[in-house]
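Coordinates in review
Okay, here's what each chain looks like letter by letter:
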Amino acid sequence: MSNWLERVGALWGAKSAAKIPPPAVRTTGRPSAPPPRSVAKPVPNPLASALTSMPHAAPEIDLQQPLFEWLIGSGPALDTSLHDSEKVLLAQLDAVLASDVSRNALLPRAPAVIPQLMNSLRDEAQSSGALAQRIAKDPHLVAEVIRMANGAQTRGGAAVVDLAEAIGRLGIEGLRRAIARVVLKPMFVGAADSLSARCADRVWQHSEAQATACQHEAVARGLAPFEGYLTGLMHNIGWSAALRAIDRSNGGAPSHFSRAFIHEFESRRERFFALLVMPWQLTESLTALGAEMLERGGLAATRSPLGQALHAANEKASREMLGDAVAASDPAVEVSIITH
């Protein structure tokens, strides 16, 4: 198997190399120390070592290429240098990044979505009755609140079907998460028959996992849980914006991406997130994080607690998605494209 899934999946569940038994030792006379046991050395693979190590001790590892391939549903990137068409595409992405008008056009729902999200941040001062009246006006929000309430119920508890009961079970923090999910999800949907549309479900799946992880990481660093959740959920608007920019470029999305392009794309994707989120002024810390990412050259270089929380959450979510991809496939079958 020559694709990235084999490189990750085959070694994800790899068993430890078998040890060679020592030779027999004489028991008569003066006993001699048995010779040291030799162990068959497996083929080195740093990615497999990172994925199989304990979560709290997992070393830094570059998941950039396998995650990119999983998100866009492609086979492994084998070419190491940029194609001429990719150089042109990167130049077009840079032009979009440099233009406020072009960037904002990538997320046309933002002017309507962001004020709604700002209102959700102020719900803490509202009564549960006022919240229920507001939520009841939006069928999608009602469904999401009830779904989350049922997901949060204790095992064996009765299913929640009433909005008031769902609100009582979730509490203010849960309601704010539900509102953020319903308000933001449409921003991740791409145009029909486009690269962004084909990636939308996976990008959102990664966003949900990242939001949950970032909430826990934020709490561990003394930050507000919802701010961590919101940051994790919003981070992938950088993916959506960058993929839409590729869709709108001259020539559209190429049929194949090189490793060099994936590396260059990463920094531009992070700049899309930072430049888009800063003007929205959702929270002071989130705005500061965007500025810090631009100043330091990316998320991995940030030093703020929120930046470190998001960086850790992004890695956890990426490992989780790649692990799910491996589990969903048959290791005995050659797979070149992830389709789930």
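In this report, the structure presented in the accompanying data block is examined. This one's a predicted model, so the numbers in the text were calculated from it and none came from an experiment. Just so you know, the residues in each chain are numbered from 1, in the order the chain's sequence is written. Residue-level local features of this predicted model are given only where pLDDT is at least 70; pairs of side-chain atoms are given and counted only at 80 or more, and the full residue set underlies all totals for whole chains, interfaces and linings. No hydrogens and no water enter the side-chain calculation; it runs on all heavy atoms of the structure.

**So, the layout of surface pockets**
- Method remark: on a 1 Å grid restricted to protein atoms, a set of points is classed as a cavity if a 1.4 Å probe fits but cannot get out and as a pocket if it is open with protein on both sides within 12 Å along at least five of seven lines; lining residues have an atom within 4 Å of a point. Grid points are joined across faces, edges and corners, and a volume is the space filled by probe spheres set on the points. The volume enclosed by the largest pocket comes to roughly 530 Å³.
- Every residue lining the largest pocket is counted, 27 residues in all, and those nearest its centre are D62, Q64, E266, E270 and N314.
- Secondary structure is summarised from DSSP: a helix means a run of H or I of at least four residues, a strand means a run of E of at least two, and numbering begins at the N terminus for each. In terms of residue count, helix α13 (residues 259–280) provides more of the lining of the largest pocket than any other element does, 8 residues in total.
- Charged residues are taken to be Asp, Glu, Lys and Arg, nonpolar residues to be Ala, Val, Leu, Ile, Met, Phe, Trp, Tyr, Cys and Pro, and polar residues to be all remaining types, Gly included. Looking at the lining of the largest pocket, its residues break down into 10 nonpolar, 10 polar and 7 charged.

**Side note on the nonpolar core**
- In this description, a nonpolar core means a group of buried Ala, Val, Leu, Ile, Met, Phe, Trp, Tyr and Cys residues linked to one another through side-chain atoms lying within 4.5 Å. Exposure categories follow from relative accessible area, calculated using a 1.4 Å probe and restricted to protein chains: below 20% of the type maximum is buried, above 50% is exposed, and the middle band is partly exposed. Ranked by internal contacts, the top residues of the largest apolar core, which has 83 residues, are V145, L184, M234, F265 and W280.
- Whether two residues are in contact is decided by their heavy atoms: any pair within 4.5 Å suffices. Those residues in contact with L184 that lie beyond four places of it in its chain are V113, L117, W204, L230, L233 and M234.

**Section: the side chain of T302**
- If you trace the backbone, T302 turns up in the loop between α14 (284–296) and α15 (305–327).
- On the basis of relative accessibility, which here comes to 2%, the residue T302 falls in the buried class.
- Of the polar contacts made by the side chain of T302, one reaches the backbone oxygen of L299; its length is 2.7 Å. Definition of a polar contact: a pair of N or O atoms within 3.5 Å, with one able to donate and the other able to accept a hydrogen when the atoms are protein atoms, and with sequence-neighbouring residues admitted only if both atoms are side-chain atoms.

**Considering unusual backbone geometry**
- Here the phi dihedral of D193 falls at roughly 55 degrees; this positive angle occurs in a residue that is not glycine.
- Relative to the elements of secondary structure, D193 occurs in the loop between α9 (163–184) and α10 (195–220).
- Since its relative accessible area comes to 80%, D193 is described here as exposed.
- Located in the positive-phi region is Q281, a residue other than glycine, with phi close to 55 degrees.
- Its place among the elements puts Q281 in the loop between α13 and α14.
- You can call Q281 partly exposed: its relative accessible area is 49%.

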